[in-house]
Amino acid sequence: MAHAWLAQFLEAIRAERDAAANTVLAYARDLQDFAEFLAAGGAGYATATRADIEAYLVDLDNRGMAQATRARRLSAIRQFYRFAFLEGWRRDDPGALLKGPRRARSLPGALSEADVDRLLAAAETYGRNRAERLRTACLMQLLYATGLRVSELVALPVAAARGDPRMILVRGKGGRERMVPLSAPARRALAAWLAARDAAEDASAREGAPPSAFLFPARGRRGHLSRESFFLTVKSLARLADLPPESVSPHVLRHAFATHLLAHGADLRVIQTLLGHVSIATTEVYTHVLDARLKALVLERHPLAEPACGLDEAGSSTA
């Protein structure tokens, strides 16, 4: 019964919300973990009470789960039981009145424009051959020029790159489409990679291989470069650029795209559209990042700022 309930709920998420595969997998993992907790206590989805859910939240806390993780798990449980109630599987909704930990709103990691320049330069030299170097350079230029989510970037269709486009059409979360502009460096990198890609595709076709629909084809099950592979590439580029790998990721570069646009005067609504955010509230976090940077700039660079470490302008101690 538990498996059937979960399968039908996940199918509803896919159909009604047009949820991405990664979103559905996240729901499945969270609800499976909850099911295992219930089973350990002799309960299941059909018999769980509000007290069981509260005990599960305590267990997550004891396991050292982050506040955001606990909040996400509770959200999944509440949606699941709301669905079970509406479907008539249960006469009550044990998660209806539960309030969990509020999601902490963390500021995105920040990369300076100089840091990004170093990563882009490193990308041009990273790869075992010319084609791999062109692909890496194209990936990084597109990521910084557009602020795409990594899942959107690696799954771009090759049709979107044809004809030296000034803008490309992106299919994002929930199937929502948006247009994002390309910078001149991104267009050059795209053209160079496309020529190398097409040459490789032509060679494969002569050997009987079917053509790929993706801009970044790969031999894996998905048919395109995986998020995991690109994530590792970005970490390697960070080392090559002499940046701490733990502070650099595709998502951090997406944040850099938005923060740098805002710093150069872009309107928040424009950034919201480019990032594919449904709510402006999601985009507003970048104003906090910019505010923090401006505050640090004033404190460190203003002529009237207090000298660091108690030193006067001549460098002698004022203590």
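Residues numbered from 1 in each chain as written. Predicted model: local features only at pLDDT ≥ 70, side-chain atom pairs only at ≥ 80, totals over all residues. Heavy atoms only, no water.

Asks: Report on the pairing of strand S2 (residues 177-181), specifying residues and quantitative values.
Replies: Burial along S2 is one-sided: Arg 178 and Val 180 are buried, while Glu 177, Met 179 and Pro 181, pointing the other way, are not. Alignment of strand S1 (residues 167-171) against S2, held across five bridges, turns out to be antiparallel. Bridge pairing in S2 places Arg 171 opposite Glu 177. (Buried < 20%, exposed > 50% of the residue type's maximum accessible area, 1.4 Å probe, protein only. Helix = DSSP H or I, 4+ residues; strand = E, 2+ residues; numbered from the N terminus. Pairing = 2+ DSSP bridges.)

Asks: Break down helix H4 (residues 67-86) for me, citing the residues and quoting the values.
Replies: Taking 1.5 Å per residue, 20 residues should reach 28 Å; H4 reaches 29 Å between its end C-alpha atoms and fits that length. Looking at H4, one finds that the buried residues are Thr 69, Arg 70, Ala 71, Arg 73, Leu 74, Ala 76, Ile 77, Phe 80, Tyr 81, Phe 83 and Ala 84. Taken together, the buried residues of H4 touch helix H1 (2-17), helix H2 (21-40) and helix H3 (50-62). Two residues or fewer after H4 comes Gly 88, characterised by a positive phi angle close to 85°. (Expected span 1.5 Å × (residues − 1). Contact = heavy atoms within 4.5 Å.)

Asks: So, empty space enclosed by the protein: which residues are in play, and what are the values?
Replies: In this approach a probe as big as a water molecule rolls over the atoms, and the regions it shows empty are the leftover space. Counted by the stated rule, this structure contains one cavity of 30 Å³ or more. In this structure, the largest cavity encloses a volume near 30 Å³. Around the largest cavity, the lining residues are Leu 142, Leu 156, Pro 157, Ala 160, Ala 161, Ile 168, Leu 190 and Leu 215. Partitioned by chemical class, the residues of the lining of the largest cavity number eight nonpolar, no polar and no charged. (1 Å grid on protein atoms, 1.4 Å probe; cavity = no way out; pocket = protein on both sides within 12 Å on 5 of 7 lines; lining within 4 Å. Points joined across faces, edges and corners; volume = space filled by probe spheres on them. Nonpolar A, V, L, I, M, F, W, Y, C, P; charged D, E, K, R; others polar.)

Asks: Describe a nonpolar patch on the surface, and please don't skip the residues or the numbers.
Replies: Judged by side-chain polarity, Met 167, Leu 169 and Met 179 come together as a nonpolar surface patch covering roughly 260 Å² of accessible area. The residue Met 179 is located in strand S2 in this model. (Patch = residues over 30% accessible without salt bridge, like charges linked within 9 Å, V, L, I, M, F, W, Y side chains within 5 Å. Areas by Shrake-Rupley, 256 points an atom, 1.4 Å probe, with all protein chains shown as cover. Salt bridge = Lys/Arg side-chain N within 4 Å of Asp/Glu carboxyl O.)

Asks: Describe in detail the packing of H1 against H4, supporting the description with residues and values.
Replies: Interhelical geometry of H1 versus H4 gives an angle of 95° and a closest axis separation of 11 Å. With respect to each other, H1 and H4 are oriented roughly perpendicular. Of the residues in H4, those in contact with Trp 5, Leu 6, Gln 8, Phe 9, Ala 12 and Arg 17 of H1 are Gln 79, Phe 80 and Phe 83. Partitioned by chemical class, the residues of the contact of H1 with H4 number six nonpolar, two polar and one charged. (Axes fitted to C-alpha atoms, helices over the stretch in contact; angles between N-to-C directions. Parallel < 35°, antiparallel > 145°, perpendicular 65-115°, else oblique.)

Asks: Report on the side chain of Thr 136, specifying residues and quantitative values.
Replies: Looking at the element boundaries, Thr 136 is found in helix H6 (residues 130-146). The buried category is assigned to Thr 136, whose relative accessible area is 6%. The residues touching Thr 136, leaving out its near neighbours within four places in the chain, are Ala 123, Tyr 126, Thr 233 and Leu 237.

Asks: Requested: an account of the pattern of salt bridges, with residues and values cited.
Replies: On inspection of all chains with the given rule, the structure shows 18 salt bridges. A salt bridge links Asp 59 to Arg 63, with the nearest nitrogen and oxygen atoms 2.9 Å apart. On the basis of relative accessible area, Arg 63 is assigned to the partly exposed category, the value being 40%. The network of salt bridges with shared partners includes Asp 30, Asp 33, Asp 59, Arg 63, Arg 72 and Arg 73.

Asks: Describe the confidence of the model for the protein chain, and please don't skip the residues or the numbers.
Replies: Keep in mind that low pLDDT regions are not for reading the predicted coordinates in detail. On average, residues of the protein chain score 86 in pLDDT, and 86% of them reach the 70 mark or higher. When mean pLDDT is compared element by element in the protein chain, H6 scores highest at 97, while helix H13 (residues 285-301) scores lowest at 57. Across residues 308-319 the pLDDT falls below 50, and counting only partners more than four positions away or on other chains, this stretch makes eight contacts in the model. (pLDDT = per-residue confidence, 0-100.)

Asks: Could you give an account of the packing of H6 against helix H10 (residues 250-263), with specific residues and numbers?
Replies: Interaxial distance between H6 and H10 falls to 7 Å at its minimum, and their mutual angle equals 45°. By the criterion of interaxial angle, the relationship of H6 to H10 is oblique. In contact with Met 140, Leu 143, Tyr 144, Ala 145 and Thr 146 of H6, H10 contributes Pro 250, Leu 253, Ala 256, Phe 257 and His 260. Considering only residue class, the contact of H6 with H10 consists of eight nonpolar, two polar and no charged.

Asks: Can you tell me about the packing of aromatic side chains, naming the residues and giving the values?
Replies: What the rule picks out here adds up to 13 aromatic pairs. These aromatic residues form a ring-pair network of at least three members: Trp 5, Phe 9, Tyr 27, Phe 34, Phe 37, Tyr 45, Tyr 56, Phe 80, Tyr 81, Phe 83 and Trp 89. (Phe/Tyr/Trp six-rings, centres within 6.5 Å; stacked < 30°, edge-to-face > 60°.)

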